[in-house]
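Understanding the architecture of this molecule
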Amino acid sequence: EKRRQIPYHQHINLDLLEACHLISAMFLEVPNMASAGDNDRRGRVLSRTFRKYHDMYDRQVFTGPPEQTRDFVMTATKALLKGDWKKCADLLKSLECWDLVPGDDGAEEIKKMLGEKIKQTG
């Protein structure tokens, strides 16, 4: 039993994994959704889970300030769809999970790359 357990330093944090997945899907889906416009929201779906989370987030009557990783990404997506790439970048850079990235300045490099990709997508 003990041989099957993975040492702590080899674990992948699920929050970090979810953030990477949703942000990657956001970079693929936002241009798709923006080009489809309001008349054809369904369009071509590249990431089913991202689209499902986004549709659920859109249907909510009241959305408070983001608390979880998914909320941060969905709020950032909404801002990016409106064209507000600065708010999107601020939201995604403020995620706490970036502190879990290994390396001396790994988190800073990722935040810098995120900023550039968001500008490009926006």
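Our subject is the structure listed above.
What counts, and where the lines are drawn
- Residues numbered from 1 in each chain as written.
- Predicted model: local features only at pLDDT ≥ 70, side-chain atom pairs only at ≥ 80, totals over all residues.
- Heavy atoms only, no water.
- Salt bridge = Lys/Arg side-chain N within 4 Å of Asp/Glu carboxyl O.
- Helix = DSSP H or I, 4+ residues; strand = E, 2+ residues; numbered from the N terminus.
- Buried < 20%, exposed > 50% of the residue type's maximum accessible area, 1.4 Å probe, protein only.
- Contact = heavy atoms within 4.5 Å.
- Axes fitted to C-alpha atoms, helices over the stretch in contact; angles between N-to-C directions.
- Parallel < 35°, antiparallel > 145°, perpendicular 65-115°, else oblique.
- Core = buried A, V, L, I, M, F, W, Y, C linked by side-chain atoms within 4.5 Å.
- Disulfide = S-S within 2.5 Å.

**Points about the pattern of salt bridges**
- What the rule picks out here adds up to two salt bridges.
- Where Arg70 meets Glu18, a salt bridge forms, and the shortest distance between an N and an O atom there is 3.2 Å. One end of the pair, Arg70, is in helix α3 (residues 69-82); the other, Glu18, is in helix α1 (residues 14-36), with 52 residues separating them in the sequence.
- The exposure class assigned to Glu18 is partly exposed, which follows from its relative accessible area of 24%.
- The shortest N-O distance in the salt bridge between Arg51 and Glu29 comes to 2.5 Å. Of this pair, Arg51 sits in helix α2 (residues 48-59) while Glu29 is found in helix α1, placing the two residues 22 residues apart along the sequence. Exposure class is identical for Arg51 and Glu29. Each is buried.

**Let's talk about the environment of Thr75**
- By the secondary structure assignment, Thr75 is in helix α3.
- Spatially, the C-alpha atoms of Thr75 and Leu17 are 18 Å apart, while their sequence positions differ by 58 residues.
- The contacts of Thr75, once residues within four sequence positions are left out, are Tyr57, Pro66 and Leu91.

**Quick notes on the packing of α1 against α2**
- Running from N to C, α1 and α2 cross one another at 75°; their axes reach a closest spacing of 9 Å. On the basis of their axis angle, the class for α1 and α2 is roughly perpendicular. Side by side, α1 and α2 meet where His21, Leu22, Ala25, Met26, Glu29, Asn32 and Met33 of the first sit next to Thr49, Phe50, Arg51, Tyr53 and His54 of the second.

**Some details on the nonpolar core**
- Core analysis: the largest hydrophobic core is formed by 29 residues, its most contacted members being Ile23, Met26, Phe50, Cys88, Leu92, Leu95 and Trp98.
- When residues of this core are traced back to their parent elements, those giving at least two are α1, α2, α3, α4 (85-93) and α5 (106-121).
- Here the element with the most residues in this core is α1; it accounts for nine residues.
- Every residue in contact with Ile23, bar those within four places of it in the chain, is listed here: Val73, Leu92, Leu95, Trp98 and Leu114.

**Topic: the state of the cysteines**
- Taken as a whole, this structure holds zero disulfides when the rule is applied.
- In this model Cys20 remains outside any disulfide bridge; the closest cysteine sulfur is found in Cys97, 6.7 Å from its own.
- We classify Cys20 as partly exposed; its relative accessible area is 35%.
- Of the cysteine sulfurs around Cys88, a residue in no disulfide, the closest is that of Cys97, at 14 Å.

**Observations concerning the environment of Leu95**
- By secondary structure assignment, the location of Leu95 is in the loop between α4 and α5.
- As for Leu95 and Val73, which are separated by 22 residues in sequence, their C-alpha atoms are 9.2 Å apart.
- Setting aside anything within four residues of it in sequence, one finds Leu95 in contact with Ala19, Ile23, Thr69 and Phe72.

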